[in-house]
Number of protein chains: 2
Amino acid sequence: MYIALDAMGGDLAPHVNVKGAILFSKETGHGVYLVGKQDILEKLLEEYGGENLPIQIVHAEETVGMDEPPSIVIRKKKNSSMYIAAKLVREGKAQAFVSAGNTGAAMAVSKFIVGAAPGIERPGIAVAFPTKKGKPTVLIDVGANVDCRPRHLVYFAVMGHTYVKEILKTSDNPKIGILSIGEEEGKGNELVKDTYPLLKMSKLNFVGNAEGRDIFTGDFDVIVCDGFVGNVVLKTSESLGMIILDMIKQEVQKSFISKIGALLMLPALKRFKKKADFAEYGGAPLLGTKGSCIITHGRADERAIKNALKVATEFVETHFNEKLSENIEKLLPAELKG
Amino acid sequence: MYIALDAMGGDLAPHVNVKGAILFSKETGHGVYLVGKQDILEKLLEEYGGENLPIQIVHAEETVGMDEPPSIVIRKKKNSSMYIAAKLVREGKAQAFVSAGNTGAAMAVSKFIVGAAPGIERPGIAVAFPTKKGKPTVLIDVGANVDCRPRHLVYFAVMGHTYVKEILKTSDNPKIGILSIGEEEGKGNELVKDTYPLLKMSKLNFVGNAEGRDIFTGDFDVIVCDGFVGNVVLKTSESLGMIILDMIKQEVQKSFISKIGALLMLPALKRFKKKADFAEYGGAPLLGTKGSCIITHGRADERAIKNALKVATEFVETHFNEKLSENIEKLLPAELKG
């Protein structure tokens, strides 16, 4: 198996990307296509001791900047590491695509260059949120599809179901919710009200409306929403987590005794940070694409890159797309298929 | 001035409501209509020493349960403390309405019983989020209007502008953003894309798109969004804040040294909690209603009730609705008026 890694994407690229690929290859024996500047990557690969591993460099002249609009990348950056890595999957040379680069561009490249899996209209990006109960809650879609129709949300539900069951393995019959603003049926905007009866009609384990607070309780395995709402929730949560730690730090700085206290609490705070760190889960998969596509944080370190590569492998090994097709067949009523 | 207080609404009602009204009346000299069960309220008022204050009891036979659907309350709970308190404002007997009860019902009662201010189609509920910079960012609407048109968001912007300038007094020319999923113009869903040019056309200090993370940076004074997205963000943030503190507590429990550390940090953690506590800001106003309507947390204590009553007073004293009308006149282009 070969995974195509955008070696130039991410805040710490290409160093952590090369290191992550080496760690991954040593641990699993699987191959990696390192896509990026040949000379730089060759030097780093040698420096970090990656010569005798199944790691191949594929040259790409350009890189994608963190602020470049996705539409420009798709049309004009055909020689970029991100684009070429995705193309390796489309051409069947690699089985999966991993990038820590510009998230919007990586999503667009996954959708349009790798392409949607058969029977899927709209791939959706899934993020596993840490919860009070320990097991994650998957929110899908968090940004791949801004304006959605009810049909798309139902497909996200099947993708989330398959992800929880086959990859995260935290439930055999995942509890599915739809993100809304009130628990009772009939609460929500037009999209929610129109999607609700379709989810109820399916053979999914649909529990009903979930509220914002339910993302972190662990009461749901999967919560579906359109990509606009999901992206706002993701970015709000990430930043709030960091700001709360900052605010606590600020308060702690105000007294000497508090500083000692914080020092003694350090191991506990570090364990907490690890728990709340989305990188632990190995990045966010774009579900419903032909090969598996994993998009990880711009600030990913070598461990996060390794994890993302491993998650990509699991998608291939579990035959995720076949399972997804089977589940669509099994769980959805005829009028929603095809 | 008299404020109508739903004395039976809230988790700790009617005790904290009566106590809060007494604190408020002692501090400001203003009057309160305590609406609820006559006999209970009379007893409490005497017990807590509120006899010689301008506090009048208005009897209401029923109360509104925390889970009752707003539509039922509007149609069938005309003898409830919430409904009668709102009616006192509609009839001009009170100048403002305050409730810590069922939020959805309190919003509905404010919208339909108190009613919208002249020239306002859709009142919007505003919440002041604590930020890194200390001064709050106001998010509007957080739940009063589920499906919105661009015109409504523009009016929310003027309401937010007026709230920041006249009540919070944290900026003379508030920076306005629209909640979206990317900074550049053209990013977002249909509603955002259609609202953007209207905000640009206005004389508001419109800065552009805000992302989820911008809610807590303090870079914006007001961020507008539809009530569905705003409500999801509000509930996500509230619960994440509490869950982070819980997770830290859990980690701390695992070691004796950490516990000592936490003990030393306690004053700092308490200061942080106060900073992050929305009740400090005196509840959320529903902007654009005839009288001023303040909806505060179900778990409001006597201090929060007092603050909410004080905020209600400020709305009346600053002639908020007149300022709002002036700002609509001054800041919006002719095609958006009336």
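Bear in mind the structure is a predicted one, so any value in this text is a computation, not a measurement. (Residues numbered from 1 in each chain as written. Chains lettered and ligands numbered in written order. Predicted model: local features only at pLDDT ≥ 70, side-chain atom pairs only at ≥ 80, totals over all residues.)

**Quick word on the packing of helix α4 (residues 81-90) of chain A against helix α5 (residues 103-114) of chain A**
Residues and elements named next belong to chain A. Taken N-terminus to C-terminus, the directions of α4 and α5 make an angle of 30°; their axes are 9 Å apart at the nearest point. With respect to α5, the axis of α4 lies roughly parallel. Note that α4 runs across α5; the crossing there is right-handed. Contact with α4, carried on its side by Met 82, Tyr 83, Ala 86, Lys 87, Val 89 and Arg 90, involves Ala 105, Ala 106, Val 109, Ser 110, Ile 113 and Val 114 of α5 and no other residues of that element. For the contact of α4 with α5, a count of residues per class yields 9 nonpolar, 1 polar and 2 charged. (Axes fitted to C-alpha atoms, helices over the stretch in contact; angles between N-to-C directions. Helix = DSSP H or I, 4+ residues; strand = E, 2+ residues; numbered from the N terminus. Parallel < 35°, antiparallel > 145°, perpendicular 65-115°, else oblique. Left-handed = near helix turned anticlockwise from the far one by under 90°. Contact = placed C-beta atoms within 7 Å. Nonpolar A, V, L, I, M, F, W, Y, C, P; charged D, E, K, R; others polar.)

**Quick word on the sheet that holds strand β5 (residues 124-129) of chain B**
Note on sheets: strands pair through backbone hydrogen bonds, and any given pair is parallel or antiparallel. Residues and elements named next belong to chain B. Spatially, the 11 strands line up as an open sheet ordered β3-β2-β1-β4-β11-β10-β5-β6-β9-β7-β8, and their pairing is mixed. Edge positions in the sheet fall to β3 (55-59) and β8 (205-210), since each of these pairs with one other strand and no more. Strand-to-strand twist across the sheet, computed as the mean angle between neighbouring axes with direction ignored, equals 25°. Taken together, the 5 bridges between strand β1 (residues 2-6) and strand β2 (residues 31-36) define a ladder with parallel strand orientation. (Pairing = 2+ DSSP bridges.)

**A few points about the sheet that holds strand β11 (residues 292-295) of chain A**
Residue and element names in this part refer to chain A. A sheet is described by the order of its strands in space; here 11 strands give the open sequence β3-β2-β1-β4-β11-β10-β5-β6-β9-β7-β8, paired in mixed fashion. Single-partner strands in this sheet number two, and they are β3 (55-59) and β8 (205-210). Averaged over all pairs of adjacent strands, the angle between strand axes in this sheet comes to 25°, irrespective of strand direction. Along the sheet, helix α1 (residues 15-28) contacts β1 (2-6), β2 (31-36) and β3; its crossing angle with β2, the most-contacted strand, is approximately 170°.

**What to know about the interface of chain A and chain B**
If you look at the interface, chain A gives 55 residues, while chain B gives 55 residues. Elements with a contribution of two residues or more to the side of chain A that touches chain B: α8 (227-253) and α9 (256-275) of chain A. The element contributing the most residues to the side of chain A that touches chain B is α8 of chain A, with 20 residues. Of the residues assigned to the side of chain A that touches chain B, the class counts are 28 nonpolar, 14 polar and 13 charged.

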